[in-house]
Amino acid sequence: MLDTNAAVERINKVQDSDGEDTTPANEDRQQAIQRAVGNPSGATIETYTTGGTAAEQLPDLSIPDGVTALVVYLPANSGDVFLGDTDDQFIPLTDAGHVFEWEGATLSDLHIRTNTAGDGVGIVFEGGT
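Residues numbered from 1 in each chain as written. Predicted model: local features only at pLDDT ≥ 70, side-chain atom pairs only at ≥ 80, totals over all residues. Heavy atoms only, no water.

S.K.: Got a sec to walk through the sheet that holds strand 7 (residues 89-93)? Specific residues and values, please.
M.R.: Strands sit in the order 4-9-6-7 across an open sheet of four strands; the sheet is antiparallel. Strand pairing shows two members of the sheet lacking a second neighbour, strand 4 (56-57) and strand 7, which therefore form its edges. With four bridges connecting them, strand 6 (residues 81-84) and strand 7 associate as antiparallel partners. Bridge pairing in strand 7 places Leu83 opposite Ile91. (Pairing = 2+ DSSP bridges. Helix = DSSP H or I, 4+ residues; strand = E, 2+ residues; numbered from the N terminus.)

This is the structure we're talking about:
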């Protein structure tokens, strides 16, 4: 007979994906998981335009865990926009609708270079800064 009305007071071990016994997540770990997989409140929506044609670092905007930031080509640009790191900007955004997805911790890891000063990108992601 299976007792389906029993109360469980404490779970000491759970099985992982390999069938091995491990400790269950504590409250701190459960909250971290909830923050990572839940929808953050608010949104960050900004534009960044260049002051010249040399590579420039994007602003230091913190991206919440589990969130993807979109770097969007601005329709008013007069030329191509290139994204990359400090040394090389080799990812082209060339037309309205072109988007680069970034899952890093901050936007400041990316650099932008344009052929025309004043061209730029839009930045959009869930969660406030």
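Moving on from the model shown.
S.K.: I'd like to hear about the environment of Ile63, residue by residue, with values.
M.R.: Structurally, Ile63 is set in the loop between strand 4 and strand 5 (69-73). By relative accessible area, Ile63 is classed as buried at 6%. Sequence-distant contacts of Ile63, that is, excluding residues within four places in its chain, are made with Ala69, Trp102, Gly104, Ala105, Thr106, Leu107 and Phe125. (Buried < 20%, exposed > 50% of the residue type's maximum accessible area, 1.4 Å probe, protein only. Contact = heavy atoms within 4.5 Å.)

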